[in-house]
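Each chain, written out:
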Amino acid sequence: MNLERLTGQETLAHVPHLVKIYRAAFGGPPWHEDEHAADAFAERLRTDTRRPGFAAVLAGDDGEPAGFGTAWRTPAPFPTGRAYDLVRAELGDAVESLLVGALEVDELAVSPHARGQGLAGRILDLLCGRADSCWLLTSPRAADAIRLYERLGWRRLTGPDADIVVFLRSP
């Protein structure tokens, strides 16, 4: 499996591959994302690549896309919109000290055919390797993802009844 770290501009050249992986990774349970969601992801990605500190990792096997991750630094003050409001609702003002300035992993996706090989962890390592701290969120319905982040040593910041699950990785 080959992993490649990409800049924002390089990522734009791979949008069709990333959308293909997104559809495969999030089309089934627990996400059930449809074609509209995949199209919305492609549009978000085109905007996100212009964020300061944007980085991506693309994984492929014999030229076939298998997984990716995207990330950027969380700006100050802590943003609103997207899922940021849910994060603030769960963590309160702690977002300013815990998450602002940290590398924010926005997307992590591995195609079903490439799962179970440690690829998600390798993508996260390359994506977050240079950062002092990283954070990400997932759905409480995403039991496999939650187990993965816990197994990789990420610290859960939200309680068991939270509407979202926020993880932090720091040295």
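Preceding this section is the structure that the text describes.
Residues numbered from 1 in each chain as written. Predicted model: local features only at pLDDT ≥ 70, side-chain atom pairs only at ≥ 80, totals over all residues. Heavy atoms only, no water.

Chemist: What am I meant to see in the overall build of the protein chain here?
Modeler: Helix and strand content of the protein chain: seven helices and seven strands. Ordering the α and β elements of the protein chain from the N terminus gives β-α-α-α-β-β-α-α-β-α-β-α-β-β. Its C-alpha atoms give the protein chain a radius of gyration of 15 Å, within 12% of the compact-globule value 16 Å for 171 residues. Taken along the three principal axes of its C-alpha coordinates, the protein chain extends 45 × 35 × 30 Å. Within the protein chain, buried positions represent 47% of all 171 residues. Considering only contacts within the protein chain whose residues lie at least 6 apart along the sequence, 67% involve residues at least 24 apart. (Helix = DSSP H or I, 4+ residues; strand = E, 2+ residues; numbered from the N terminus. Rg over C-alpha atoms; globule rule 2.2 N^0.38 Å. Buried < 20%, exposed > 50% of the residue type's maximum accessible area, 1.4 Å probe, protein only. Contact = heavy atoms within 4.5 Å.)

Chemist: What's the story with the pattern of salt bridges in this structure? I'm lost.
Modeler: Any two side chains of opposite charge can pair, on the condition that their charged atoms come close. Under the criterion given, the structure shown has twelve salt bridges. Salt-bridge contacts for Asp39 lead to Arg23; the nearest nitrogen and oxygen are separated by 3.6 Å. Taken together, the positions of Asp39 in helix H3 (residues 35-48) and Arg23 in helix H2 (residues 15-26) put the pair 16 residues apart, joining distant regions of the chain. Between Asp93 and Arg88 there is a salt bridge, with the nearest N and O atoms lying 3.3 Å from each other. Residue classification places Arg88 among the partly exposed residues on the basis of a relative accessible area of 28%. (Salt bridge = Lys/Arg side-chain N within 4 Å of Asp/Glu carboxyl O.)

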